[in-house]
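# Notes for the structure review
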Amino acid sequence: MELNNILSTYKHKLKIQIRFKDIDKQGHVNNANHLTYFETARVEYFKDVFRNDIDWIKTGMILAQSEITYKRPIVLEDNLFCYTKINHFGTKSFEIENVLTIENGAEKQLCAFGKSTLVCINYDTKETVEVPADWINSVNDFEKNSH
């Protein structure tokens, strides 16, 4: 599938600031920073979708799994963006996808893509909980109605 077609399925896009400390001896972003970029975009996605209406202690989430496929190095001067969406809900978990792109005008280059599984948890009881129905509704509304 062509990159623009893939990106058209994402409603959330965030400009990523590449910091000088992200660059390794080879002059490109060290692979470990991709997880930080995904996390930054995930937090902004949650802010935009849930509008800070989550009690993160009562019903928070923990990262259970992450996987990344690297396609192209990123350098300090690149114009980097991260696309984010939740693509699947389970009973107590959900899967979130991210795509990192370098963009110069209409030209877009795929740098990496990843998937993460997050599990809902009550931090007071230290037990997993079901994904709240209002979270699912908020995500569905956002994904359907955003431009």
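Rules behind the numbers
In this numbering scheme, every chain counts its residues from 1 along its sequence in written order. Only residues with pLDDT of at least 70 are given local features in this predicted model, and only at 80 or more are side-chain atom pairs given and counted; all residues enter the totals for whole chains, interfaces and linings. Derived side-chain values reflect all non-hydrogen atoms in the structure, with water molecules and hydrogen atoms excluded from consideration. Two aromatic rings, drawn from Phe, Tyr or Trp (for Trp, its six-membered ring), form a pair once their centres lie within 6.5 Å of each other, and the interplanar angle then sorts them: stacked below 30 degrees, edge-to-face above 60, tilted otherwise. By definition, any uninterrupted DSSP run of H or I lasting at least four residues is a helix, any uninterrupted run of E lasting at least two residues is a strand, and each is numbered from the N terminus. In this analysis the charged atom, NZ for Lys or CZ for Arg, is taken to sit over a ring once it is within 6 Å of the ring centre and within 35 degrees of the ring normal. The buried label goes to any residue with under 20% of its type's maximum accessible area, the exposed label to any with over 50%, and the partly exposed label to all in between, with areas taken from a 1.4 Å probe on protein chains only. Positive charges are assigned to Lys and Arg, negative charges to Asp and Glu, while His and the chain termini are left out of the count. Any carboxyl oxygen of Asp or Glu within 4 Å of a side-chain nitrogen of Lys or Arg constitutes a salt bridge here. Whenever two N or O atoms come within 3.5 Å, that pair is a polar contact, provided that in protein one can donate a hydrogen and the other can accept it, and provided that, for residues adjacent in sequence, both atoms are side-chain atoms. Pairs of residues are marked as contacts when any of their non-hydrogen atoms sit within 4.5 Å. Any two cysteine sulfur atoms lying within 2.5 Å of each other are counted as a disulfide.

### Section: the packing of aromatic side chains
Within the structure shown, the criterion is met by 8 aromatic pairs. For the ring pair Tyr10 and Tyr83, a centre distance of 6.2 Å and an interplane angle of 75 degrees mean the geometry is edge-to-face. Separated by 73 residues along the polypeptide, Tyr10 in the loop between helix H1 (3-7) and strand E1 (12-16) and Tyr83 in strand E3 (residues 80-89) bring together distant segments of the chain. An aromatic cluster of at least three residues, connected via ring pairs, comprises Tyr45, Phe46, Phe50, Phe89, Phe94, Trp135 and Phe142. The ring centre of Phe81 lies 4.5 Å from the NZ or CZ of Lys13, which sits over that ring. Here Lys85 stacks its cationic end above the ring of Tyr10, 4.5 Å away from the centre of that ring.

### Let's talk about the side chain of Glu97
Inspection of the secondary structure puts Glu97 in strand E4 (residues 93-104). For Glu97, which is buried and forms no salt bridge, the nearest opposite charge comes from Lys85, at a distance of 4.2 Å. Of the polar contacts made by the side chain of Glu97, one reaches the side chain of Tyr10; its length is 3.1 Å. Aside from chain neighbours lying at most four places away, what touches Glu97 is Tyr10, Tyr83, Thr84, Lys85, Asn87, Gly114 and Lys115.

### Examining the state of the cysteines
Cysteine pairs can be covalently joined through their sulfur atoms, and such a bond is termed a disulfide. In total, this model carries 0 disulfides according to the counting rule given. Free of any disulfide, Cys111 has its nearest cysteine sulfur in Cys82, 10 Å distant.

### Some thoughts on the environment of Ile74
Structurally, the position occupied by Ile74 is in the loop between strand E2 (60-70) and E3. For the pair Ile74 and Asp55, spaced 19 residues apart in sequence, the C-alpha to C-alpha distance is 36 Å. Residue contacts for Ile74: discarding those within four places in its chain leaves Ile18, His28, Val29, His34, Leu80, Leu100 and Cys111.

### As for the pattern of salt bridges
Oppositely charged side chains may form a pair once their charged atoms are brought near each other. Per the stated rule, a full pass over the model turns up 4 salt bridges. The salt bridge involving Lys47 is made with Glu44; its shortest N-O contact spans 3.3 Å. Remark: Glu44 and Lys47 occur in helix H2 (residues 33-50); sequence separation between them is 3 residues, near one turn of the helix. Residue Asp78 pairs with Arg72 through a salt bridge whose shortest N-O separation is 3.7 Å. The exposure class assigned to Asp78 is buried, which follows from its relative accessible area of 15%.

By themselves, these are just geometric observations and shouldn't be taken as functional.
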